[in-house]
Amino acid sequence: MTDLKYRLAPASEMSRYCFPNNAVSGDASRCVCLIDSSTVEEINHIVHNGGLYKRPFNEAFEETPMLVAVLTYVGYGVLTLFGYLRDFMRQWKIEKCQNATEREEQKDFVPLYQDFENFYNRNLYMRIRDSWNRPICSVPGAKVDMMERVSHDYNWTFTYTGRVIKDIINMGSYNYLGFAQKTGACQEAAAKVLSQYGAGVCSTRQEMGNLDKHEELEKLVARFLGVESAMAYGMGFATNSMNIPALVGKGCLILSDELNHASLVLGARLSGATIRIFKHNNMQSLEKLLKDAIVHGQPRTRRPWKKILILVEGIYSMEGSIVRLPEVIALKKKYKSYLYLDEAHSIGALGPSGRGVVEYFGLNPEDVDVMMGTFTKSFGAAGGYIGGKKELIDYLRTYSHSAAYATSMSPPVVEQIITSVKCIMGEDGTNIGRARVQQLAENTRYFRRRLKEMGFIIYGNEDSPVVPLMLYMPAKIGAFGREMLKRNIGVVVVGFPATPIIESRARFCLSAAHTKEMLDTALKEINEVGDLLQLKYSRRRLVPLLDRPFDETTYEETED
Amino acid sequence: KRVRDTRTKLAPAYHLILEGILILWIIRLLFSKTYKLQERSDLTLKEKEELIEEWQPEPLVPPVPKDHPALNYNIVSGPPTHIITVNGKECINFASFNFLGLLNNEKVKSAAQASLKKYGVGTCGPRGFYGTFDVHLELEERLAKFMRTEEAIIYSYGFATIASAIPAYSKRGDIVFVDEAACFAIQKGLQASRSNIKLFKHNDMADLERLLKEQETEDQKNPRKARVTRRFIVVEGLYMNTGDICPLPELIKLKYKYKVRIFLEESLSFGVLGEHGRGITEHFGINIDDIDLISANMENSLASIGGFCCGRSFIIDHQRLSGQGYCFSASLPPLLAAAAIEALNIMEDSPDIFQTLRAKCERIHKALQGISGLKVVGESFSPALHLQLEESCGSRENDVKLLKRVVDYCMNSGIALTQARYLEKEEKCLPPPRTRTGQICVELDCCFLIPLSHIIRISVLHCIVTSRFFH
């Protein structure tokens, strides 16, 4: 399945609560207030942790109902049994095998794929493959045109009918601030630069590919983030995977959230540092790892760690949760470690002026050592950046893998970022940017509240524009995707291995470009499909305030 | 007989005691608290706090000297085409990989413009989640058709292409035979795969065969393991680090002899070698199906951004779920895909550009011969030429400095060259310091845009360079 997350840790336990832990200081007072929402008896846990939080932090993961969990397992069981049955029939040529096969000349080579790797793809993914990779043929804005495709052989192949399904409400693209546009200031500026510079660059930053546009972009980004210096890279994924190895190496320790994005995981692995995983957004777990690491030093040699780097994301794209940044920063300071914050989804989407999770919590950008983010999402472009102290950026300019070996960013893409960042900062002389940030925040709260009222289980933080709606059962993944498309709404559905096996979900990404009418239409249809597929699982059970069950198992991974 | 009886009678007494102790011991072991190795130190809380207090980490990054050669980038103002303004000085560009001169091509630009008008800039999503555009599908189809393979898959970043493709197939326990001159992207891909890596000497087929034979004897010892151990040879078509080509026909022979799959990285040879620019397979006249996977970037000849892999569907399709850089990254901006499609159109419509490029390469290569102090490394038809010091001046650092003076001197004379940059600590087998020149550009409209006089200028220049720096 097109997975966005790569889990190092085994599937987490069935129930998942997330509450701030009194991790940072022993005397921090903790208070809980239960708020009765005006419409329904919606209960949120607003927890202020020792005054670290300047704003309420409402984040909850409702427990999976037991019956649903059991039925989900049964569903997978049936699918697996059928899979074996069909594999058996394929083997005996009762059913036609549609897999692409090895060349005759190479039949005696060691098989390229192990059979169990493909079992899942062949027998589970193939059934609902039409919910992914849907090709679109317009700008990925609030509404999108999609190429109609049909399959006559149960999703093994697709044919395009040539028809275009017009004006699908797009709840899938990461177009948070609505900068995916084909008209307007950004497009015009990009077009101008394109005709002047051309599309490519044909060289690396360190050789002959350092254009004046790149320098301009980096200065602007540094100013936007409120950091001393910044550097931009051609791909968001590679920003993580090619720069973490420049920062840490053997003898260093990486503490990584269990739900970190694949690019962070890959970067950590490539670095050669020891990696330990803490529970998602669980500060108690993080503090224990930090304490143990410093007290016990490196395994076997007992030497002290050279440095400790904490890897977290601003908004987790599959959970819709927001990092507990005030607590992370307090911990990082207490234990003298460094913080690497990946703002792929939060930059532009959070904070009163779109400066990300740091601004959202009212913190100082200087407290985050490495500010990383992407331009793909809120800015409607491509690429990534790293911001921080001048020494850090100078070091990366010299030693980043990306600067030395990868082609630099395309000039029109750079221009799109420059104009959109200026728009967000209000430097274009309008307040369009700020209005969009506000619109997104309003849309987020409205959409989340309405979905909860309808009785769906919605994960994550109430301010997160990433909204996961729990589907649980494998059959409902495909059904939800198809039913929504039938109603002209494009949604993203995800299942295993992107999520734990029983926590399949649909994910909506809100955008400032969504109008209230669009959201209402979408909500109406979601409500209808929710009834049809019986997705309204929520029991809104009041969960007692206990720290999340925390076992002391840690997962360690050492590069060999 | 009696003696034996007393023995049997006596035996149970101490046996019982022993067994009793044993049972007690087992019970103790069962109920005793399990302890971790770490916690045996039994530090008090205070001691722990002291340790935390005392620990001083290294700084996040060490300071970079202000004069580090890689710190201060050249600033290019305006488009990086064949005439380029570097640090305010206008130069003829011999430093970018714009081999076919398509970067500044009006047709390519207008195709990109049209796409920009229709789709905007970004895709706002990975391929799986509404990030697949009709242009992506078209580009994949066109690339597959151009390379005459069943399927092609595009990535949004050239570096990530081979670096994602290798770990999609080769896993822990598998064996990869790789040329020691392989480029950095391959090295990172291999590292991510965590496979067993065996380096063979650059282009040395005897050395490769030696390793393959070694593996064969190893396999005979453990046939069970051998049945599930995948093996791959990873080579480059035209080596980025050396400028020479791989002996593909011999590699194919070895492939079938030892049943190893071949992955070929063609970033430099795609759109350069062969009659139609199909790369090293066309150059040698080899059936492309004999190569299991071909990977190339679209950032050199195609003058766009991104990369692609092509081959049989059986192999390529696997990356759509397993290629990390494909699944987890936003897709290629449509305007860049449109630019690549138009560049392919041009390559298909005018195959004579490849001959022109080749002729220019050979001329430059010839013109650069015989400069005392510098030698030209690489094939005569390679569009990336390396100039290397004939003898080192003692240390790598000094060599780099000397070459930097050569590059600066040329820059002042209006010729932009570049030093090939390497991360010295990271490279597996660090190539000697080199100046990379002669990214020779072929213009379509007027075929010999770089006139002879420039070539002469280069050689004259090098005479001056030679006299100034080497004597």
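Values in this document were obtained by computation on a predicted structure and should not be read as measured data.

### Thoughts on the pairing of strand E12 (residues 385-389) of chain B
All names here are of chain B.
Piece 1. Of all five residues that make up E12, five are buried, and the element is covered over most of its length.
Piece 2. Side-chain alternation along E12 places Leu385, Leu387 and Leu389 on one buried face and His386 and Gln388 on a second face that is also buried.
Piece 3. Sheet analysis places strand E11 (residues 374-377) next to E12, joined by four bridges and oriented antiparallel. Residue leucine 374 lies in a different strand from E12, and its bridge partner there is leucine 389.

### Topic: the domain arrangement of chain B
Residues and elements named next belong to chain B.
Piece 1. Partitioning chain B into structural domains gives domain 1 (106-349) and domain 2 (361-469).
Piece 2. Each partner contributes to the interface: domain 1 provides 17 residues, whereas domain 2 provides 18 residues.
Piece 3. The largest contributions to the domain 1 side of the interface with domain 2 come from Phe184, Gln187 and Asn241, which together make up 32% of the buried area.
Piece 4. Linking domain 1 with domain 2 are zero salt bridges, by the criterion used here.
Piece 5. On inspection of domain 1 and its partner domain 2, the count reaches two residue pairs in polar contact (both at pLDDT 80 or more).
Piece 6. Element by element, the count of residues in the side of domain 1 that touches domain 2 is highest for helix H7 (residues 184-193), at three residues.

### Quick notes on the packing of aromatic side chains
Piece 1. Taken as a whole and judged by the stated rule, the model has 30 aromatic pairs over all chains.
Piece 2. Arranged with centres 5.0 Å apart and planes meeting at 45°, the rings of phenylalanine 232 of chain B and phenylalanine 263 of chain B form a pair that is tilted. On the criterion of sequence distance, the pair formed by phenylalanine 232 of chain B in strand E7 (residues 231-236) and phenylalanine 263 of chain B in strand E8 (residues 261-265) is long-range, its members being 31 residues apart. The pair formed by phenylalanine 232 of chain B and phenylalanine 263 of chain B is uniform in burial state, with each residue classed as buried.
Piece 3. One aromatic cluster is present, built from ring pairs that chain together Tyr113 of chain A together with Tyr169, Phe232, Phe263 and Phe314 of chain B.
Piece 4. Above the face of the phenylalanine 158 of chain A ring, arginine 149 of chain A is positioned so that its terminal group lies 4.1 Å from the ring centre.
Piece 5. The lysine or arginine in question, lysine 377 of chain A, covers the ring of tyrosine 174 of chain A, its NZ or CZ lying 5.3 Å from the ring centre.

### Here's the deal with the sheet that holds strand E15 (residues 489-490) of chain A
All names here are of chain A.
Piece 1. Spatially, E4-E5-E15 is the arrangement adopted by the three strands of the open sheet, whose pairing is mixed. Two strands in the sheet have a free side with no partner beyond their single neighbour: strand E4 (143-150) and E15.
Piece 2. In this sheet, strand E5 (residues 159-170) lies alongside E4 in antiparallel orientation, the contact comprising six bridges. Note that in E5 the partner of methionine 146 across the bridge is isoleucine 165.

### Brief notes about the UniProt feature "domain: Aminotransferase class I/classII large" (unreviewed entry) in chain B
Piece 1. UniProt tags residues 90-380 of chain B as "domain: Aminotransferase class I/classII large" (unreviewed entry).
Piece 2. In this annotation, residues 90-380 of chain B is assigned 47% helix and 15% strand; the end-to-end C-alpha distance for the span is 28 Å.

### Some points on a nonpolar patch on the surface
Piece 1. A contiguous nonpolar patch, built from Leu22, Ile23, Leu24, Ile26, Ile27, Leu30 and Phe31 of chain B and spanning about 780 Å² of accessible area, is present on the exposed surface.
Piece 2. Tracing the backbone shows leucine 22 of chain B in helix H1 (residues 2-31).

### Notes on the interface of chain A and chain B
Piece 1. In this assembly, 129 residues from chain A lie in contact with 120 residues from chain B.
Piece 2. At the surface where chain A touches chain B, the tally comes to three salt bridges.
Piece 3. Note that lysine 259 of chain B is salt-bridged to aspartate 108 of chain A, the shortest N-O span being 2.9 Å.
Piece 4. Counting the contacts that link chain A with chain B gives 39 residue pairs in polar contact (both at pLDDT 80 or more).
Piece 5. Residues belonging to the side of chain A that touches chain B are distributed by class as follows: 65 nonpolar, 33 polar and 31 charged.

### Thoughts on the domain arrangement of chain A
Residue and element names in this part refer to chain A.
Piece 1. According to the domain assignment, chain A consists of domain 1 (65-170 + 432-539) and domain 2 (185-425).
Piece 2. The interface of domain 1 with domain 2 comprises 18 residues on the first partner and 19 residues on the second.
Piece 3. Regarding the contact of domain 1 and domain 2, the summed buried area is about 1400 Å², with carbon and sulfur atoms giving 60% of it.
Piece 4. A salt bridge links glutamate 319 to arginine 505, with the shortest nitrogen-to-oxygen separation between them at 2.9 Å.
Piece 5. Our enumeration of links across domain 1 and domain 2 arrives at six residue pairs in polar contact (both at pLDDT 80 or more).
Piece 6. The set of elements that each furnish at least two residues to the side of domain 1 that touches domain 2 consists of helix H13 (432-454), strand E13 (460-461), strand E14 (466-472) and strand E17 (504-509).
Piece 7. The dominant element in the side of domain 1 that touches domain 2, judged by the number of residues it contributes, is H13, at six residues.
Piece 8. Residues belonging to the side of domain 1 that touches domain 2 are distributed by class as follows: nine nonpolar, four polar and five charged.

### Quick look at H13 of chain A
Piece 1. Helix length check: H13 of chain A, at 23 residues, gives a terminal C-alpha distance of 32 Å against a target of 33 Å (1.5 Å per residue), a fit within 8%.
Piece 2. Three or more residues of H13 of chain A are buried, namely Gly433, Arg436, Val437, Leu440, Asn443, Thr444, Tyr446, Phe447, Arg448, Leu451, Lys452 and Met454 of chain A.

### Structural notes on the UniProt feature "domain: Aminotransferase class I/classII large" (unreviewed entry) in chain A
Piece 1. Using the residue numbers shown here, the UniProt feature "domain: Aminotransferase class I/classII large" (unreviewed entry) corresponds to residues 166-526 of chain A.
Piece 2. In this annotation, residues 166-526 of chain A is assigned 43% helix and 17% strand; the end-to-end C-alpha distance for the span is 19 Å.

### Topic: the environment of aspartate 531 of chain A
Residue and element names in this part refer to chain A.
Piece 1. Mapped onto the fold, aspartate 531 is located in helix H15 (residues 516-532).
Piece 2. Taking relative accessible area as the criterion, aspartate 531 reaches 48% and is therefore assigned partly exposed.
Piece 3. In this structure, the C-alpha to C-alpha distance between aspartate 531 and arginine 303, residues 228 residues apart in sequence, is 59 Å.

### So, the side chain of serine 378 of chain A
Residues and elements named next belong to chain A.
Piece 1. Within the secondary structure, serine 378 sits in the loop between strand E11 (370-374) and strand E12 (384-388).
Piece 2. Among the polar contacts listed, one links the side chain of serine 378 to the backbone oxygen of isoleucine 347, at a separation of 2.6 Å.
Piece 3. Excluding anything up to four places from it in sequence, serine 378 contacts Tyr174, Tyr176, Leu177, Phe179, Ile347, Gly348 and Ala349.

### Examining the side chain of glutamate 299 of chain B
Piece 1. Tracing the sequence through the fold places glutamate 299 of chain B in the loop between strand E9 (293-297) and strand E10 (307-311).
Piece 2. Relative accessible area serves as the criterion here: at 2%, glutamate 299 of chain B is assigned to the buried category.
Piece 3. Polar side-chain contacts of glutamate 299 of chain B include one of 2.6 Å to the side chain of threonine 407 of chain A.
Piece 4. In terms of polar contacts, glutamate 299 of chain B uses its side chain to reach the backbone amide nitrogen of glycine 158 of chain B, at 2.9 Å.
Piece 5. Sequence-distant contacts of glutamate 299 of chain B, defined by excluding residues within four places in its chain, comprise Cys202 and Thr407 of chain A together with Tyr157, Gly158, Ser304, Ile305 and Gly306 of chain B.

### With respect to the packing of H13 of chain A against H15 of chain A
Residue and element names in this part refer to chain A.
Piece 1. Where H13 meets H15, the axes come as close as 11 Å, and the angle between the chain directions of the two elements is 20°. Judged by the inter-axis angle, H13 sits roughly parallel to H15. Of the two elements, H13 crosses H15, and the hand of that crossing is right-handed. Contact residues: H13 offers Asn443, Tyr446, Phe447, Arg450, Leu451 and Met454, while H15 offers Lys516, Leu519, Asp520, Leu523, Ile526 and Asn527.
Piece 2. Tallied by class, the residues present in the contact of H13 with H15 amount to seven nonpolar, two polar and three charged.

Quick notes on the rules
- For every chain, the first residue of its written sequence is number 1, and the numbers climb from 1 along that sequence.
- Note on labels: chains are lettered from A, ligands numbered from 1, in written order.
- Local features are withheld for residues below a pLDDT of 70 in this predicted model, meaning they are given only at 70 or higher, and side-chain atom pairs are given and counted only at 80 or more; totals for whole chains, interfaces and linings count all residues.
- Side-chain numbers here rest on the full set of heavy atoms in the structure, without hydrogens or water.
- Burial classification: accessible surface area is computed with a 1.4 Å probe over protein chains only, and a residue below 20% of its type maximum counts as buried, one above 50% as exposed, and the rest as partly exposed.
- Helix and strand labels come from DSSP, where a helix needs a run of H or I of at least four residues and a strand needs a run of E of at least two; each type is numbered from the N terminus.
- In this scheme, strands are said to pair when DSSP sees at least two bridges between them.
- Where each domain begins and ends is defined by an automated method or by a domain database.
- In this analysis, two residues are considered to be in contact whenever any of their non-hydrogen atoms come within 4.5 Å of each other.
- A quick way to say it: buried area is the sum, across both parts, of accessible area lost when two parts are put together, with a 1.4 Å probe.
- By convention in these notes, a salt bridge is any Lys or Arg side-chain nitrogen within 4 Å of a carboxyl oxygen on Asp or Glu.
- For the purposes of these results, a polar contact is taken to be a pair of N or O atoms within 3.5 Å, where, inside protein, one atom must be able to donate a hydrogen and its partner to accept one; residues adjacent in sequence count only when each atom of the pair is a side-chain atom.
- Within 6.5 Å between ring centres, the rings of Phe, Tyr and Trp (the latter by its six-membered ring) count as paired, and their orientation is classed by plane angle as stacked under 30 degrees, edge-to-face over 60, tilted in between.
- In our convention, an over-ring charge means Lys NZ or Arg CZ found within 6 Å of a ring centre and within 35 degrees of that ring's normal.
- UniProt positions are given in the numbering used here, feature names are shortened, and annotations may be inferred rather than shown by experiment.
- A patch consists of residues exposed above 30% relative accessible area that lack any salt bridge, with like charges linked at up to 9 Å and nonpolar side chains (Val, Leu, Ile, Met, Phe, Trp, Tyr) linked at up to 5 Å.
- Reported accessibility uses the Shrake-Rupley method at a 1.4 Å probe radius. Residues are deemed covered only where the shown protein chains occlude them.
- Three categories are distinguished: nonpolar for Ala, Val, Leu, Ile, Met, Phe, Trp, Tyr, Cys and Pro, charged for Asp, Glu, Lys and Arg, and polar for the others, with Gly belonging to the last.
- The span expected for a helix works out to 1.5 Å for each residue beyond the first.
- For every element, the axis is a line fit to its C-alpha atoms; helices are fit only across the contacting stretch, and the angle between N-to-C directions ranges from 0 to 180 degrees.
- Any angle that is under 35 degrees is reported as roughly parallel, and any over 145 degrees as roughly antiparallel; angles of 65 to 115 degrees are reported as roughly perpendicular and all others as oblique.
- It is the rotation of the near helix from the far one that decides the hand of a crossing: anticlockwise by less than a right angle makes it left-handed, clockwise makes it right-handed.

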